Amino acid sequence: MSGTKFVYVIFIRTTPEKLWDALTKPEFTRDCWCGCWQDSTWKPGASWKLMIPDGRVGDSGEIIEIDMPRRLVLKWRNEFMPELKAEGYTRCTYEIEPAGSAVKLTVTHEIDLPESKFIDSVSKGWPNILSSLKSLLETGQSIEETRRWPEGW
């Protein structure tokens with residue numbers, strides 16, 4: 001079976017350690033991920049949740065692999081949109097590599113399902129979130145549109 005994959009590469013003027021913190025710590029994710037934060041002990045096999053500002057679980061899964069500050073692999077399923085939840089679990093991989101005065105971040109989100117609605121959805125969301133993360137780390141300010149959860153979601 002052929003799957004669906006989204007890959008996004010971005011270079012950010014920061015260190016691998018600061019980027020890792022920005023990807024995993026609530027004080028950063030709330031600012032560039034629409035008010036959301038992640039709940040996990042950040043150990044292999046641990047549960048993982050992306051929490052929506054109103055207290056709902058937006059996404060859930062498990063830590064598959066963790067090599068701080070280089071690589072994080074998550075088993076990931078949407079929990080609040082029935083048509084996306086029905087597709088089951090995806091795999092999201094963050095790869096962090098030094099790149100001169102910057103850090104290269106590669107996010108790969110994939111599922112073993114052709115024409116996935118979930119992957120189509122994240123392919124629209126990741127560029128905004130990661131661009132806001134880049135702005136936050138390089139300027140101290142995230143993109144305003146990524147600071148609040150969208151109304152009606």
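Please read these numbers as outputs of a predicted model, since none were measured by experiment. (Residues numbered from 1 in each chain as written. Predicted model: local features only at pLDDT ≥ 70, side-chain atom pairs only at ≥ 80, totals over all residues. Heavy atoms only, no water.)

1. Considerations on the overall build of the protein
Across its full length, the protein carries four helices and seven strands. Rg of the C-alpha trace for the protein: 15 Å, near the compact-globule value of 15 Å for 153 residues, within the 12% margin. Projected onto the principal axes, the alpha-carbon positions of the protein cover approximately 40 × 35 × 30 Å. Out of the 153 residues belonging to the protein, those deemed buried represent 42%. As presented, the protein carries roughly 7900 Å² of accessible surface, and 51% of it is formed by carbon and sulfur atoms. With 20 positive and 23 negative side-chain charges, the protein shows a separation of 2 Å between the mean positions of the two kinds. (Helix = DSSP H or I, 4+ residues; strand = E, 2+ residues; numbered from the N terminus. Rg over C-alpha atoms; globule rule 2.2 N^0.38 Å. Buried < 20%, exposed > 50% of the residue type's maximum accessible area, 1.4 Å probe, protein only. Areas by Shrake-Rupley, 256 points an atom, 1.4 Å probe, with all protein chains shown as cover. Lys, Arg positive; Asp, Glu negative; His and termini not counted. Charge placed at Lys NZ, Arg CZ, Asp CG, Glu CD.)

2. Quick look at helix 4 (residues 117-139)
Look at helix 4: 34 Å from first C-alpha to last across 23 residues, which is about the 33 Å you get at 1.5 Å a residue. Gly 125 marks the point of greatest bend in helix 4, at about 30 degrees, and the proline Pro 127 comes within the next four residues. Of all the positions in helix 4, only Phe 118, Ile 119, Val 122, Trp 126, Ile 129, Leu 130, Ser 132, Leu 133, Leu 136 and Leu 137 are classed as buried. A side-chain oxygen of the first residue of helix 4 lies 3.1 Å from the backbone nitrogen of Phe 118; this N-cap is Ser 116. Looking at the residues trailing helix 4, positive phi occurs at Gly 140, about 90 degrees. (Expected span 1.5 Å × (residues − 1). Bend = angle between axes of the 7 residues up to and from the residue. Polar contact = N/O pair within 3.5 Å; in protein donor to acceptor, adjacent residues only side chain to side chain.)

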